[in-house]
Amino acid sequence: MSAYTSKIGKGYVLSSTLISTAMILLILAVLFVNSYGAIIEVGWKLFTLKWNPPDARFGILSMLYGSLVVTFLSLSIAVPVGVFTAVFTAEILPSKYRIYVKSSLELLAGIPSIIYGLIGVAFFSVWIGELFSLQSGRTIFTAAVLLSIMILPTIITLCDDAIHNVPRKYREAARGLGLYKYEVILSSILPIAKTDITGTVLLALGRSLGETMAVMLVIGSIDKMPQPFYNFLVPGQTVTSKLGREIAESAFGSLHFSVMMFMGIVLVIIVLSLTFVAQRYFKTGRLYE
Amino acid sequence: MKKLIIMCIFTLTFFLPCSNGFSDILRTWNMKTMFKPGSNCGYVFLLLFVAIISCTSHKKEIIMVSGSTTVLPVVSKAAEQFRLRHPDVNIVVNAGGSGVGINLLGGKKIQIAMVSRNVSQKEIEKYTDVLFVRHPIGRDAVVPVISSEIYNAGVKALTMAQIARIYKGEIRNWKEVSGPDREILAVDKEKARGTRHVFMEKVLGDKEAEAPGAGLVVGSNNEEQTAIAQSDAAIGMLSNAWINDDVKGLSIMLSDGDVIEPTLENIINDKFPITRDLLLITNGEPQGKVKEFINFIKSPEGQKIVEQSGYVSIHK
């Protein structure tokens, strides 16, 4: 390879990097420029409870609350189940079966979200409605359970990789100390894999905060705070489902549209700050490197 | 064709020398090196391929249609038949709701908006450079609908005032309107939906009225139908054509005691209180193929589709 082609290769790499960076900055800039009108004209009233565009009442608090609750609930269901399943596939299951389990899980992770949404609206919400004898099964809780099913395959396969990547020597040393298998897993393997598992949880959080289609179909789309606030068996609204339902109805450039963009930027800020916090507090690095 | 040649020359002169496979060929005069691993000649040919495809694809005239899910069944069937006769035209029909249709037409992204209500003053003011021209293609009624369980339990007709009080949240149980002792699930629609505009204008007096009694908000007619069929105590609003065995249409009791059933005759003779025109809206008078398509829907053949879809023809 000549020096000329090597230079070109370098150019390719550099320009690809610049393009991806520019894309992110562009998205942030577009969101900010478009939401500027909302920040100026509505101001602090954005963080109120009442939403009614014809009266120029733009309170996004109930949607923000819905997003946070749905994400929190779905993670608190999916993370324990996912991590323990990963412990099973990586540590207990004989390795010749692991590949089958893993590839079928990866298949599940690739199912488009609209499919989950349709199953959710046709069967799942009806079951939840009957189970809790509700008027309607389209609730915050339904959306959270559906989301946790959606993010479960991702959590399992990534955690499985994380646990599988812990070098043998740690297991052997722990066994050599005479620990039982569950002690090896709890006190040696999981702490070592902790950083990677945190990364997985962050990824799942991003997906569950950003999921639109499936949530939109099962959550009921009422812009109200649950009464009382911990009653999750009532219809609600998330930022993404609100955007999905209303963004096309608002005229481009109107105040309504601008508030929608503002909701988008709030979502981005939440994800960015959570990523930042997680990276800051879990940056111990991999112990085995 | 000229465009194609220019694109090919452009791709070859700028990208082929950049690929290290090409410089290997120059050095060794061996064509095999071109497809060696590590050679990026493949990308150049991919680019060439894309360039050729993008230039040779045959250009059809595309008519974009979008909007109300009430009008959608008529237009999509009509588009199918129209395409058979005019193979050079492609008609893309999308849903989204009347409000979405008007916004897209206002933004000049589509040629025809399907709308199941009138264009509001606000919308006309918002898009000053767009001249909304209405083309009625049929008539329809918005019918208050309830779950079959409640209908069979004896609630067959309500007055407008009762429906209004349900949506305001003042009546919360079916027994208050002589039904069974069950809580009412009032199903509302997204604010820009045409069906909601027409319904709320007649029931609550304001097309964008808030409905504090609503327990669920849905979008399209399909979604509304599913939500009401799944519940055993729901009330909602649907276009007349979407009523079926699980979703029963309520009769409306007038102030003089007359009970008007949601039948086609009552829509034709304008007795049913909540009727509307189904519209296609264009920006200015339509030209060319757009005009032909709209005329096709207005023709006897197109009106047959309107009637098959459960609506009333404009000729009646």
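That block above? That's the structure.
Read on for a plain summary of the structure. (Residues numbered from 1 in each chain as written. Chains lettered and ligands numbered in written order. Predicted model: local features only at pLDDT ≥ 70, side-chain atom pairs only at ≥ 80, totals over all residues. Heavy atoms only, no water.)

### Side note on the overall build of chain A
The number of helices and strands found in chain A is eleven helices and two strands. Counting from the amino terminus, chain A carries its helices and strands in the arrangement α-β-β-α-α-α-α-α-α-α-α-α-α. Judged by the C-alpha coordinates and their principal axes, chain A covers about 70 × 65 × 30 Å. Residues classed as buried in chain A amount to 45% of the 289 residues present. Restricting to contacts in chain A with at least 6 residues of sequence separation, those with at least 24 account for 74%. Surface exposure of chain A reaches about 15,300 Å², of which carbon and sulfur atoms provide 71%. Within chain A, the 15 negative side-chain charges are centred at a point lying 6 Å from the centre of the 22 positive side-chain charges. (Helix = DSSP H or I, 4+ residues; strand = E, 2+ residues; numbered from the N terminus. Buried < 20%, exposed > 50% of the residue type's maximum accessible area, 1.4 Å probe, protein only. Contact = heavy atoms within 4.5 Å. Areas by Shrake-Rupley, 256 points an atom, 1.4 Å probe, with all protein chains shown as cover. Lys, Arg positive; Asp, Glu negative; His and termini not counted. Charge placed at Lys NZ, Arg CZ, Asp CG, Glu CD.)

### Concerning the overall build of chain B
Tallying secondary structure elements over chain B gives 13 helices and twelve strands in all. The long-range fraction of contacts in chain B, counting pairs at least 24 apart against all pairs at least 6 apart in sequence, stands at 70%. For chain B, the accessible area works out to roughly 14,900 Å², and carbon and sulfur atoms hold 55% of it.

### Details of the packing of aromatic side chains
All told, the structure shown has ten aromatic pairs over all chains when counted by the stated rule. Relative to A:Phe58, the ring of A:Trp51 lies with its centre 5.5 Å away and its plane at 75 degrees, an arrangement referred to as edge-to-face. Grouping residues by exposure puts A:Trp51 and A:Phe58 together as buried. What links up through ring pairs into an aromatic cluster is the set A:Trp44, A:Phe47 and A:Phe262. Sitting over the ring of B:Tyr151, B:Lys156 keeps its end group 5.0 Å from the ring centre. (Phe/Tyr/Trp six-rings, centres within 6.5 Å; stacked < 30°, edge-to-face > 60°. Lys NZ or Arg CZ within 6 Å of the ring centre and 35° of its normal.)

### Things to note about a negative patch on the surface
Together, B:Glu149, B:Asp232, B:Asp245 and B:Asp246 make up a negatively charged patch on the protein surface. On the accessibility criterion, B:Glu149 (36% relative accessible area) is partly exposed. (Patch = residues over 30% accessible without salt bridge, like charges linked within 9 Å, V, L, I, M, F, W, Y side chains within 5 Å. Salt bridge = Lys/Arg side-chain N within 4 Å of Asp/Glu carboxyl O.)

### Concerning the side chain of B:Thr282
All names here are of chain B. Along the chain, Thr282 turns up in strand S12 (residues 275-283). Among the polar contacts listed, one links the side chain of Thr282 to the side chain of His135, at a separation of 3.0 Å. Leaving out residues up to four positions away in the same chain, Thr282 has contacts with Leu105, Gln111, Ile112, Leu131, Phe132, Val133, His135, Val290 and Ile294. (Polar contact = N/O pair within 3.5 Å; in protein donor to acceptor, adjacent residues only side chain to side chain.)

### A look at the environment of B:Val187
All names here are of chain B. Considering the arrangement of structural elements, one finds Val187 in strand S6 (residues 185-189). A residue is classified by how much of its surface remains accessible, and Val187, at 0% relative accessible area, is buried. Residues Val187 and Gly99 lie 88 residues apart in sequence; the distance between their C-alpha atoms is 19 Å. Those residues in contact with Val187 that sit more than four places away from it in its chain are Tyr167, Leu216, Val218, Glu224, Ile228, Ala234, Ile235, Gly236 and Met237.

### Section: the interface of chain A and chain B
Often, the extent of an interface is quoted as the loss of accessible area upon association of its parts. Taken residue by residue, the interface counts 28 residues in chain A and 30 residues in chain B. Interface area for chain A against chain B, summed over the two sides, is near 2,300 Å², with a carbon-plus-sulfur share of 47%. It is A:Gln135, A:Arg138 and A:Glu249 in chain A that bury the most area against chain B; as a group they hold 28% of the surface buried on that side. Counting across the interface, chain A meets chain B through three salt bridges. On inspection of chain A and its partner chain B, the count reaches ten residue pairs in polar contact (both at pLDDT 80 or more). When contributions to the side of chain A that touches chain B are tallied by element, the ones reaching two or more residues are helix H1 (3-41), strand S1 (51-52) and helix H4 (113-131) of chain A. Classifying every residue of the side of chain A that touches chain B by side-chain character gives 14 nonpolar, eight polar and six charged. (Buried area = accessible area lost by both parts, 1.4 Å probe. Nonpolar A, V, L, I, M, F, W, Y, C, P; charged D, E, K, R; others polar.)

### Regarding the sheet that holds strand S5 (residues 157-159) of chain B
Strands in a sheet are paired, the pairing made by backbone hydrogen bonds, and the direction either parallel or antiparallel. All names here are of chain B. Strand order across the open sheet formed by three strands is S5-S10-S11, with mixed pairing between neighbours. Edge positions in the sheet fall to S5 and strand S11 (259-260), since each has one partner strand and no second. The sheet contact formed by S5 and strand S10 (residues 251-253) spans three bridges and is parallel. If you follow Ala157 over to S10, its bridge partner there is Ser251. (Pairing = 2+ DSSP bridges.)

### A short note on a nonpolar patch on the surface
Side chains of A:Ile19, A:Met23, A:Ile24, A:Leu25, A:Ile27, A:Leu28 and A:Leu272 sit close together on the surface and give an oily, nonpolar patch of about 680 Å² of accessible area. For the nonpolar patch, the element with the most residues is H1(A), which contributes six residues.

### What to know about the pattern of salt bridges
Under the definition given, this model contains 25 salt bridges over all chains. In this structure, A:Arg245 engages B:Glu190 in a salt bridge whose closest nitrogen and oxygen atoms are separated by 2.6 Å. Of the two residues, A:Arg245 is situated in helix H10 (residues 239-246) and B:Glu190 in the loop between S6 and helix H9 (194-203); the pairing between them involves two chains. Comparing A:Arg245 with B:Glu190 shows no difference in burial state: the two are buried. Via salt bridges that share partners, A:Arg98, A:Lys102, A:Glu106, A:Asp160 and A:Asp161 belong to a single interconnected network.

### Regarding the side chain of B:Gln303
Tracing the chain through its elements places B:Gln303 in helix H13 (residues 300-308). Exposure remark for B:Gln303: the relative accessible area of 3% places this residue in the buried category.

### What to know about the nonpolar core
Counting 72 residues, the largest nonpolar core has B:Tyr167, B:Trp174, B:Phe199, B:Ile235, B:Ile274, B:Leu280 and B:Phe293 as its most contacted members. In this view, B:Trp174 contacts B:Ile146, B:Ile150, B:Val155, B:Gly179, B:Pro180, B:Arg182, B:Glu183, B:Ile184, B:Ala233, B:Ala234 and B:Ile235; residues no more than four positions away in its chain are not counted. A:Ile60, A:Val79, A:Leu190 and A:Leu267 belong to the second largest nonpolar core, which has 45 residues in total. (Core = buried A, V, L, I, M, F, W, Y, C linked by side-chain atoms within 4.5 Å.)

### Quick look at the pairing of S12(B)
All names here are of chain B. Most of S12 sits out of view: seven of its nine residues are buried. The sheet contact formed by strand S3 (residues 112-115) and S12 spans four bridges and is antiparallel. The partner of Ile112 across the bridge, within S12, is Thr282. In terms of strand pairing, strand S4 (residues 132-147) meets S12 through nine bridges, oriented antiparallel. Bridge assignment links His135 to a residue of S12, and that residue is Leu280.

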